Amino acid sequence: SLLLVKVQHAGIEKKVQSDLSLLTSLASLAESNSRDLARYRPTATVAEFRRSLLRELDFGIELNNLLVFTRNFAKNPNVHVPIAYPDYSSRRVLTMELLQGYSIQQVKRMRAEGIDPAVFAKKFSSAMLDMVFKYGFYHADPHPGNVFVLPGGRVGLLDCGKVGRVDEQTQDDFINIVQAFLSRDVDRLTDELISLCEVPYDLDRAAYRTDVADFVGEFGTQSIEQINLGAAFEAMFRIISTHHLIAPARVNMLLLVVVQLEGTATGLDPDFNITRALQGYGVNLALRRFAPERI
């Protein structure tokens, strides 16, 4: 197969370090001079961003990510990631297979080649949700440019430098929030968000519950097929922000990736419904939670 060699730009790490240093200083100033901004812990946010960005600059980490994804999908004929070549890679050079395919943005070409975009959307979303809920290790940047159509209608995943990890608790927290929302249970959703987030000492619980009830009322009248999960999550985070709750970074990242997944899949199939897919994983997680061996 043809090879692709990814080489890091000279001096890029020094430039990134300089920019991050400036960002850290700005965050520190904001935190020490604004009580409202301090609630959102800007220095901690920048520190997490710094850690994530510097990891992306180490191609050895991306190499390892490729090897993990390859192992996880070894028995799945619908998904392929580039073969990595450790002997020809280093911290600043990554050698891998050049995928013979094209971006999923070329929907007309897919149809011309007899590939059903709706079927492909299902394969792609299934692969992404397997990463999150089956393996706990997922591609954290699933935009259309990083998803390829390969011969035979297989899903090809590119740019595996940015990944997320999910423990069982995060999986449970995420599904609990989605299920509380879908069941239109205001009290349960109120409690789930409070137990998940850091809560300010002066939280007006009555006002907070009223906003959650309004949110459920706005989206709860829609059928599962009509719900835009991205818009729902955005509205939910507005409530969290208004009442100065702080959601864990691991959950924020997961929600953003699910929204991105929904957008990418909907671009292929306007009728794609991620909520249905999530419900299936919710059942699987519930069965796992109450499995005899776990108890």
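Position labels on residues start from 1 in each chain and follow its written sequence. The predicted nature of this model means local features are confined to residues of pLDDT at least 70 and side-chain atom pairs, given and counted, to a pLDDT of 80 or more, with totals for whole chains, interfaces and linings taken over all residues. Just so you know, side-chain values use all the structure's heavy atoms and leave hydrogens and water out.

Here we look at the packing of helix α1 (residues 12-33) against helix α3 (residues 42-56)
The test is simple: Interaxial angles span 0 to 180 degrees and are taken between N-to-C directions of axes, which are lines fitted to C-alpha atoms, for helices over the stretch in contact. Per the convention used, a helix needs a DSSP run of H or I reaching at least four residues, while a strand needs a run of E reaching at least two, with both numbered from the N terminus. Orientation is classified from the angle alone, with under 35 degrees giving roughly parallel, over 145 giving roughly antiparallel, 65 to 115 giving roughly perpendicular, and any other angle giving oblique. By convention the crossing between two helices is left-handed if the near helix lies anticlockwise of the far one by an angle smaller than a right angle, and right-handed if it lies clockwise. Here a residue-residue contact requires only that any non-hydrogen atoms of the pair lie within 4.5 Å. Under the grouping applied here, Gly and all other residues not named as nonpolar or charged are polar, the nonpolar ones being Ala, Val, Leu, Ile, Met, Phe, Trp, Tyr, Cys and Pro and the charged ones Asp, Glu, Lys and Arg.
Relative to each other, α1 and α3 sit at 165°, their axes nearing to 8 Å. In terms of their interaxial angle, α1 and α3 are classed as roughly antiparallel. Relative to α3, α1 is oriented so that their crossing is right-handed. Along the contact surface, α1 presents Val16, Gln17, Leu20, Ser21, Leu23, Thr24, Ala27, Ser28 and Glu31, while α3 presents Pro42, Thr43, Val46, Phe49, Arg50, Leu53 and Leu54. Split by residue class, the contact of α1 with α3 holds nine nonpolar, five polar and two charged.

Quick look at empty space enclosed by the protein
Unoccupied space between atoms shows up once a probe the size of one water molecule is rolled over them. Our working definition: Each cavity reported here is a set of points on a 1 Å grid over the protein atoms alone in which a 1.4 Å probe fits but cannot get out, each pocket an open set with protein on both sides within 12 Å along at least five of seven lines, and each lining residue one with an atom within 4 Å of a point. Grid points are joined across faces, edges and corners, and a volume is the space filled by probe spheres set on the points.
All told, the structure shown has one cavity of 30 Å³ or more when counted by the stated rule. Its boundaries defined by the atoms lining it, the largest cavity holds a volume of some 30 Å³. The set of elements that each furnish at least two residues to the lining of the largest cavity consists of α7 (168-182) and α10 (229-242). Take the lining of the largest cavity: its biggest share by element is three residues, from α7. Taken together, the residues of the lining of the largest cavity sort by class into six nonpolar, no polar and no charged.

Section: the packing of aromatic side chains
Our working rule: Working definition: rings of Phe, Tyr and Trp (its six-membered ring) pair if their centres are within 6.5 Å, and the pair is stacked with planes under 30 degrees apart, edge-to-face with planes over 60 apart, and tilted otherwise. Each residue is assigned to one of three classes by its accessible area relative to the maximum for its type, calculated with a 1.4 Å probe on protein chains only: buried under 20%, partly exposed between the two thresholds, exposed over 50%.
Applying the stated criterion to the full structure yields seven aromatic pairs. Plain terms: the ring middles of Phe73 and Tyr135 are 5.8 Å apart, the flat faces sit at 70° to each other, and that makes the pair edge-to-face. Taken together, the residues span a long stretch of sequence, with Phe73 in the loop between α4 (59-72) and β2 (79-80) and Tyr135 in helix α6 (residues 117-135) at a distance of 62 residues. Since its relative accessible area comes to 30%, Tyr135 is described here as partly exposed.

Digging into the environment of Lys134
Looking at the element boundaries, Lys134 is found in helix α6. Owing to a relative accessible area of 58%, Lys134 belongs among the exposed residues under this scheme. Each C-alpha atom, one on Lys134 and one on Tyr281, is 9.0 Å from the other, the two residues being 147 residues apart in sequence. Excluding its chain neighbours within four sequence positions, the residues that come into contact with Lys134 are Leu129 and Gln171.

A short note on the layout of surface pockets
Of the voids in this model, the largest pocket is the one considered here, and its volume is about 970 Å³. Looking at the largest pocket, it is lined by 33 residues, and the ones nearest its centre are Glu48, Ala249, Arg250, Asn252 and Met253. Among the elements of the structure, α3, α4, β8 (163-165), α10 and α11 (249-268) are those that each provide at least two residues to the lining of the largest pocket. Looking at which element gives the most residues to the lining of the largest pocket, the answer is α3, with nine residues. As a volume, the second largest pocket reaches approximately 170 Å³. What lines the second largest pocket is Lys6, Gln8, His9, Ile12, Val16, Leu53, Glu56, Leu57, Phe59, Glu62, Asp159 and Gly161. Elements supplying a minimum of two residues to the lining of the second largest pocket: α1, α3 and α4. Residue composition of the lining of the second largest pocket, grouped by class: five nonpolar, three polar and four charged.

A word on a nonpolar patch on the surface
Under the convention used in this document: Excluding any residue in a salt bridge, patches collect residues exceeding 30% relative accessible area, merging like charges within 9 Å and nonpolar Val, Leu, Ile, Met, Phe, Trp and Tyr side chains within 5 Å. Where accessible areas are quoted, they stem from the Shrake-Rupley method and a 1.4 Å probe; at the residue level, only the protein chains shown are allowed to cover. Whenever a carboxyl oxygen of Asp or Glu lies within 4 Å of a side-chain nitrogen of Lys or Arg, that contact is scored as a salt bridge.
Taken together, Leu22, Leu23, Leu26, Leu29 and Phe49 make up a surface patch of nonpolar side chains, about 480 Å² in accessible area. At four residues, the largest contribution of residues to the nonpolar patch is made by α1. Inspection of the secondary structure puts Phe49 in helix α3.

Comments concerning the environment of Glu56
Assignment of secondary structure puts Glu56 in helix α3. Owing to a relative accessible area of 29%, Glu56 belongs among the partly exposed residues under this scheme. Put simply, Glu56 and Cys160 are 104 residues apart on the chain and 9.0 Å apart in space, counted from C-alpha to C-alpha. Once you skip the residues sitting within four places of it in the chain, Glu56 turns out to touch Gly161 and Lys162.

A word on α10
The condition is simple: The span you would expect from a helix comes to 1.5 Å times its residue count less one. The definition of a polar contact used here is a pair of N or O atoms within 3.5 Å, where within protein one atom must be able to donate a hydrogen and the other to accept one, and adjacent residues in sequence count solely through side-chain atom pairs.
Over its 14 residues, α10 extends 20 Å from the first C-alpha to the last, a length consistent with the 20 Å expected when each residue adds 1.5 Å. Its side-chain oxygen 3.0 Å from the backbone nitrogen of Gly230, Asn228 forms the N-cap of α10. Following α10 by one or two positions, His244 adopts a phi angle in the positive range, close to 60°.

Structural notes on the nonpolar core
The tendency in soluble globular proteins is for nonpolar side chains to be buried as a group. Our working definition: Only buried Ala, Val, Leu, Ile, Met, Phe, Trp, Tyr and Cys residues count toward a nonpolar core, and they belong to the same one when joined by side-chain atoms within 4.5 Å.
Grouped together as the largest cluster of nonpolar side chains are 76 residues, with contacts concentrated most on Phe120, Phe174 and Phe215. No other element matches α6, which puts nine residues into this core. Aside from chain neighbours lying at most four places away, what touches Phe120 is Ile104, Met110, Ile115, Val147, Phe148, Val149, Gly153, Arg154, Val155 and Leu268.

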